Every structure is written in structure tokens, then in C-alpha cells.
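Each chain, written out:
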Amino acid sequence: MLPFKLIYHEGYDLNLGAHVFPSQKYRMIRDTLLQDGIAAAEDFFSPEPANDQDVLRVHSQEYVYKLKTGTLSQTEILRMEVPYSRKLIEACWLAAGGSVLAGRCALEDGWAANIGGGFHHACPDHGEGFCVIHDVAVAIRRLQFDGAIERAMVVDADVHQGNGTAVIFGGDLDVYTLSLHQEHNYPFPKPPSTVDVDLPDGIGDEQYLAILEKHLHQAFHDFSPNIVFYVAGADPYREDQLGGLALTLAGLARRDALVFDYARRNEAPVAITLAGGYARRVADTIAIHVGTIVAAREAARHDADRAKSRVQ
Ligand SMILES: [Zn+2]
């Protein structure tokens, strides 16, 4: 059994069929976590779809109306890069509800992971880059609305810049957004996050981890969040079809551990979301996401040991 909750719903599958986005990955990650004995059935919570009020704290009324009534223009659908369907909309609302629930569980237990979400390219008035609704922003705004948090940090380690996050929280001093991404990759242009780290093509584990550590150090020096949302994209992997960095599986696990270590040393609960992952072999994408959960488990255990030694 895990010391924190995993949020999952079978409706997360975007039903994309043969698409570079392996939308069946959510189910495969859940199955692997169970089969490998990393998680038990009772570790999983099932989310409700986000309510429209929560979505409307982030997205425009017009955009939400078009999504719900199937009246997006052809251009708008092409920009999303995923085919429009009823199921897609249900999946996006569920993913947003899942990130809200992950945020709440993280505040309670110190940790939580949405086995979905991380749709960081979704903007207030349109979707793009496989992202329709910005689940992390919906969660942050809801937790703020509830008075559960004041300040949030988004640590985005997907290979693509979190342009939706940057637009939504631009100028908001209560939300610190750190995006570490490949410079010569989608999206263009890249609206400014609080801190953007433009990485050169092809960098590997050691260089990446040194840069990440420097920026985590600075971020937690400059800002003390009540919660960290970690956008744990699997696409900085060297075998990724849409990424141009060269991290190994072991390097990605060290990346996760580093983020968790900084968050917890600064006493910030962590809510994990998955974001992208387009490895040539889907099994690698699954392994990277499962590795993130394992890294969180190790960090949570470490936390518990530390608490115990403080009591003794
Ligand atoms: Zn990505």
C-alpha cells in the first residue's frame, strides 16, 4: 500500500486510436502499478468531473460553451491536435476533477498523484497541443477559492514549454511557474513563465540535472508555496518522438527525486500530474510514469523516517 493516494478514472482514456499520444497509457500505468505490487486497489481514488464553475475560473465562457456543445470551428479543432468527441470532453473534465482531488489529497497526506492530467498547453480561450482543459490551473484556482491554499508553484519538466500555464498565471504573484524545456521545440512563441529555462537540443542526464537543481534552489529561495504541482512529462526521454533531449530512464527517475526532495525540504505538499510522453515504445512511456510514482513513494518514506527521528 502506498502512503498517498493515486487518482484515476477509466474515462481518462481520450480514445484517440492510432495517434502519437498514447491515450490508453493511463490504464496501462494503473495496471502496471497494480501488477508490480507498487500500489493496491485501495490506493486509488476515483474523481468526479470538474464542475463548470471550476473550469470557468480558468477558461472563457465562450470556449467552454463551444466544447460542451460541439461547436468549435475546424481551425480550433485542428489546433487542439486531437479529434473532437463527447468522450474527449468527458475525459478532460474528469482529468481536471482528478487534479483538484489530487491537490486536496496532497494537502492532507503530503503527496498525491493524478494518473492523468498535466494538460499544460490549454489556454483560457482555446486548446492546443493535445490539451483542451488546463487541469492544473483549474485545481489551483479551486484550492485558492476554497481557502485551502494561497500560493502555488508549478514545476513543469515536460520537454515542451508550459505555455498555457504561463498565460493563465502571467502576472499572478501567488503562483510561481517554473518551466524547464527544450528551446527549439513547440510551442512557438513561448509566453513568459515566472522562470523559463530554455535547454539546448540533445542534453543528457548530468547536464539536465545540474540545471534543474540550480533552478529548484532558486525557486524555493524566492517563493514559498503551500503546494507544488509537478508536471512530470515523460518526453525529455532520449527515445521520445516529439522531444529532442537525451535523458535516460534512470536520469528521469533522478529528475523526479530531485523535484520531490526540494519540495519536501521546503515543506510543500506535492501533487503530481503526468503530461506528455511519446516514446517509440509505449512501454518506455509507461515505465517513466510508473517511475515517477516509485520516486514519490521513496520520498514519502524518507519523509516519514525524518518525522520519526524528530519525535525520538
Ligand atoms: Zn510535452
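Conventions we followed
- Residues numbered from 1 in each chain as written.
- Predicted model: local features only at pLDDT ≥ 70, side-chain atom pairs only at ≥ 80, totals over all residues.
- Heavy atoms only, no water.
- Helix = DSSP H or I, 4+ residues; strand = E, 2+ residues; numbered from the N terminus.
- Axes fitted to C-alpha atoms, helices over the stretch in contact; angles between N-to-C directions.
- Parallel < 35°, antiparallel > 145°, perpendicular 65-115°, else oblique.
- Left-handed = near helix turned anticlockwise from the far one by under 90°.
- Contact = heavy atoms within 4.5 Å.
- Nonpolar A, V, L, I, M, F, W, Y, C, P; charged D, E, K, R; others polar.
- Buried < 20%, exposed > 50% of the residue type's maximum accessible area, 1.4 Å probe, protein only.
- Pairing = 2+ DSSP bridges.
- Salt bridge = Lys/Arg side-chain N within 4 Å of Asp/Glu carboxyl O.
- Phe/Tyr/Trp six-rings, centres within 6.5 Å; stacked < 30°, edge-to-face > 60°.
- Donors = N, O, S within 2.8 Å, 3.2 Å for Na, K, Ca; no water.
- Arc of directions from axis to C-beta.

Description of unusual backbone geometry
With omega at 0 degrees, the peptide bond leading from Tyr-186 into Pro-187 counts as cis. Looking at the element boundaries, Pro-187 is found in the loop between β5 (175-182) and β6 (195-199). With an omega dihedral of -10 degrees, the bond running from Phe-188 to Pro-189 counts as a cis peptide bond. Notably, Glu-81 is not glycine yet its phi reads approximately 65 degrees, a positive angle. Inspection of the secondary structure assignment puts Glu-81 in the loop between α4 (74-80) and α5 (86-109).

Structural notes on the packing of α5 against helix α6 (residues 135-145)
Axis separation between α5 and α6 bottoms out at 8 Å; the angle between their running directions is 50 degrees. Judged by the angle between their axes, α5 and α6 are oblique. By crossing handedness, the relation of α5 to α6 is classed as right-handed. Residues Ala-95, Ala-96, Ser-99, Val-100, Gly-103, Arg-104 and Leu-107 of α5 form the contact with α6, whose own contacting residues are Asp-135, Val-138, Ala-139, Arg-142 and Leu-143. Here the contact of α5 with α6 is composed, by residue class, of seven nonpolar, two polar and three charged.

Remarks on the pairing of strand β3 (residues 111-114)
In β3, alternate side chains face the same way, and those of Trp-111 and Ala-113 on one face and Ala-112 and Asn-114 on the other are all buried. Bridging between strand β1 (residues 5-7) and β3 involves three bridges; their strand directions are parallel. Paired with Leu-6 across the bridge in β3 is Ala-113. Relative to strand β8 (residues 270-273), β3 is paired through three bridges, and the arrangement is parallel. Bridging from a neighbouring strand, Ala-113 pairs with Ile-272 of β8.

Overview of the pattern of salt bridges
Under the definition given, this model contains 21 salt bridges. With its nearest N and O atoms 3.0 Å apart, the salt bridge here joins Glu-206 to Arg-254. With Glu-206 in helix α8 (residues 205-222) and Arg-254 in helix α9 (residues 249-265), this residue pair connects regions lying 48 residues apart in the sequence. According to the relative accessible area criterion, Glu-206 is exposed, its value standing at 54%. Given a relative accessible area of 42%, Arg-254 falls into the partly exposed group. In this structure, Arg-306 and Asp-303 form a salt bridge, with 3.1 Å as the shortest nitrogen-oxygen distance. On the criterion of helical spacing, the pair formed by Arg-306 and Asp-303 is a turn pair, its members being three residues apart in helix α10 (residues 282-311). Residue classification places Arg-306 among the partly exposed positions, given a relative accessible area of 29%. The class of Asp-303 is buried, set by a relative accessible area of 15%.

Looking at the packing of aromatic side chains
The description of two aromatic rings rests on the distance between their centres and on the angle between their planes. Scanning all chains against the criterion turns up 11 aromatic pairs. Relative to Phe-44, the ring of Tyr-8 lies with its centre 6.4 Å away and its plane at 80 degrees, an arrangement referred to as edge-to-face. Placement of Tyr-8 in the loop between β1 and α1 (25-35) and of Phe-44 in strand β2 (residues 44-45) is noted, with a sequence separation of 36 residues between them. Like Tyr-8, the residue Phe-44 is buried in the burial classification. Considering the side-chain rings of Tyr-12 and Tyr-26, the 6.0 Å spacing of their centres and the 80 degrees angle between planes classify their relative orientation as edge-to-face. Here the residue Tyr-12 occupies a position in the loop between β1 and α1, and Tyr-26 occupies one in helix α1, the gap between them amounting to 14 residues.

Some points on the coordination of the zinc ion
Within the protein, the atoms that donate to the zinc ion are Asp-158 (OD), His-160 (ND1) and Asp-235 (OD), at distances of 1.9 to 2.1 Å. Considered as a linear motif, the donors of the zinc ion on their single chain read D-x1-H-x74-D. With His-160 in the loop between β4 (152-156) and α7 (163-169) and Asp-235 in the loop between β7 (227-231) and α9, this pair connects stretches of sequence that are 75 residues apart.

Remarks on the packing of α9 against α10
Contact geometry for α9 and α10: axes closest at 9 Å, N-to-C directions at 35 degrees. Crossing handedness for the pair α9 and α10: right-handed. Two secondary-structure elements touch here, α9 through Leu-249, Leu-252, Ala-253, Arg-255, Asp-256, Ala-257, Phe-260, Arg-264 and Arg-265 and α10 through Asp-284, Ile-288, Gly-291, Thr-292, Ala-295, Ala-296, Ala-299, Asp-303 and Arg-306. Here the residues of the contact of α9 with α10 sort into nine nonpolar, two polar and seven charged.

Brief notes about helix α3 (residues 61-69)
Of the positions making up α3, those classed as buried are Tyr-63, Val-64, Lys-66 and Leu-67. Taken around the axis of α3, the buried residues stretch over an arc of 160 degrees, which confines them to a single face. Residues Gln-61, Glu-62 and Tyr-65 are exposed on α3 and point more than 90 degrees away from its buried face. Looking at the packing, one finds that the buried side of α3 touches α2 (52-56), α4 and α5. Downstream of α3 by a residue or two, Gly-70 has a phi angle that is positive, lying close to 65 degrees.

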